[in-house]
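# Chain and residue survey
As a plain string of letters, each chain reads:
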Amino acid sequence: MTIRIGVIGTGRAGLIHARAFQGHIPAARLTAICDPGPEALSAARSRLGGVAGFADYRELLAADVDAVVIATPTKYHRQIAVDAAAAGKHVLCEKPMAISEDECRDMIEAAERAAVKLQIGFMRRFDAGHVHAKRLVEDGAIGEVVAVKSLTHGPSVPHPWMYDLKASNGPLAEVSSHDIDAIRWLSGSEVVDLQAFAGNYRCPDARAEFPDFYDTVMVNARFANGALGHVDGAHGVRYGYDNRVEIHGTHGRIDIGDVSADRVVVHEETGRSSRDIVASWRDLYREAYIAEDRAFAQAIAEGTPVRVSGEDGLAAVRIVCAGNASIASGAIQRLTPPQ
Ligand SMILES: NC(=O)c1ccc[n+]([C@@H]2O[C@H](COP(=O)([O-])OP(=O)(O)OC[C@H]3O[C@@H](n4cnc5c(N)ncnc54)[C@H](O)[C@@H]3O)[C@@H](O)[C@H]2O)c1
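Heads up: these notes are all about the structure in this document. Values in this document were obtained by computation on a predicted structure and should not be read as measured data.

Once that is clear, we can look at helix α12 (residues 310-329). When the terminal C-alpha atoms of α12 are compared, their 29 Å separation across 20 residues agrees well with the 28 Å that a helix rising 1.5 Å per residue should span. Most of α12 is tucked away, with 14 of its 20 residues classed as buried. Near the N-terminus of α12, the side chain that reaches the backbone nitrogen of E311, with its oxygen 3.3 Å away, is that of S309. Following α12 by one or two positions, G330 adopts a phi angle in the positive range, close to 80°.

Next comes the structure, spelled out in structure tokens:
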């Protein structure tokens, strides 16, 4: 059986999934796309060829699809996921899963009720470097994990829709939730205490109307197993896309990632050396998105659990909300780990 995929939202993330399902995953086939923006929809249709196109996701849910990818702005994830599950469609929902823990629970319950898969789009869990590091940790290569630090710096300034923290949960949700998921996954534990600091250094446009908006954030955390965590997020750094992780253990350290795009270094007669920097997350994670989508199709075809669950999405949203509360109050936040 070929799994028929509908992609809801054809912006940056939606197009990545649409292309992956169109050309790279034999078990699945892109059959429909949806976007209420006429320009986005028609541009996507002309890029993707003869797939059905809809302006309203409810029309797509009534069409020939077995599963959907939700790649709309985060505030729409809950409603679309709940409606998709009720229509019997499996769901791959982009991160962040939703705006609040309650929304995440609605999505998990809807998927359970309908007995459909719900996978969350933390594609770093499918990145070769992250997967290798996780295996090394599990094999005891560095002893017990002492601390996990994950950093993501992006070249561009955030979309203005991120300025309103109440509507979007801000950069901690939109970008750092990848790092939040990574430190949970690699430490194998849940955050119990955290404190976050943030500031707006590079987005002057946001200052007057959204004084609480930040483009740079740092979170310190303690896990239930005693290990420590650190998340470092920055937007508008200009120099390139930079994701690096350090996993410190009792018997060594594992590093993931390098800001360099390749191994070539140019040494010039001027005495300067230079190398190219990773330009975009699209380049760095090209293979990881395909692996993520392939794993989703495989979980559906084989009836096996997804590798990134609704509970993982919910845990990240809980940490994002606690982080934003800490930024606002300056206080350490205590989290109750899920039972
Ligand atoms: N996993 C990743 O690395 C990654 C990367 C980028 C974005 N994302 C996530 O993907 C989601 C979308 O982000 P983006 O950067 O692609 O945004 P975007 O603004 O580029 O695209 C969003 C698209 O959704 C459409 N849309 C809005 N409301 C809709 C609705 N009700 N139904 C269908 N389509 C609708 C918009 O018209 C737009 O074309 C966000 O949750 C974001 O956090 C994840």
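Close to the ligand lie 24 residues; R12, A13, D35, E174 and Y289 are nearest. Between T74 and the ligand, the recorded distance is 3.1 Å, taken from a side-chain N or O atom to an oxygen atom. Side-chain polar atom of H178 to an oxygen atom of the ligand: 3.2 Å apart, as the coordinates give it. Coverage of the ligand by the protein amounts to 85% of the 840 Å² it exposes when considered alone.

Let us look at the packing of aromatic side chains. Applying the stated criterion across every chain, the model contains 4 aromatic pairs. Arranged with centres 6.2 Å apart and planes meeting at 55°, the rings of Y163 and F210 form a pair that is tilted. Taken together, the positions of Y163 in the loop between β7 (145-153) and α7 (165-168) and F210 in the loop between β8 (191-199) and β9 (216-223) put the pair 47 residues apart, joining distant regions of the chain. The class for Y163 is buried, based on a relative accessible area of 9%. Chaining the aromatic ring pairs together yields one cluster made of Y163, F210, F213 and Y214.

The rules behind the values
All chains use their own residue numbering, which begins from 1 and follows the written sequence. Only residues with pLDDT of 70 or above have their local features reported here, since the model is predicted, and side-chain atom pairs are shown and tallied only from 80 upward, although totals for entire chains, interfaces and linings are computed over all residues. The basis for every side-chain value is the complete set of heavy atoms in the structure, and neither hydrogens nor water enter the calculation. Secondary structure elements follow DSSP: runs of H or I of four or more residues count as helices, runs of E of two or more count as strands, with numbering from the N terminus. Expected helix span is taken as 1.5 Å per residue step, with the number of steps being one fewer than the number of residues. We call a residue buried when its accessible area falls under 20% of the maximum for its residue type, exposed when it is over 50%, and partly exposed in between, using a 1.4 Å probe and counting protein chains only. Any pair of nitrogen or oxygen atoms within 3.5 Å is treated as a polar contact; in protein, a donor-acceptor pairing is required on top of that, and neighbouring residues in sequence qualify only through side-chain atoms on both sides. Residue proximity to a molecule or strand is established when one non-hydrogen atom of the residue lies within 4 Å of it. Reported accessibility uses the Shrake-Rupley method at a 1.4 Å probe radius. Residues are deemed covered only where the shown protein chains occlude them. Between 30 and 60 degrees the pair is tilted, below 30 it is stacked and above 60 it is edge-to-face, where a pair is any two Phe, Tyr or Trp rings, Trp via its six-membered ring, whose centres lie within 6.5 Å.

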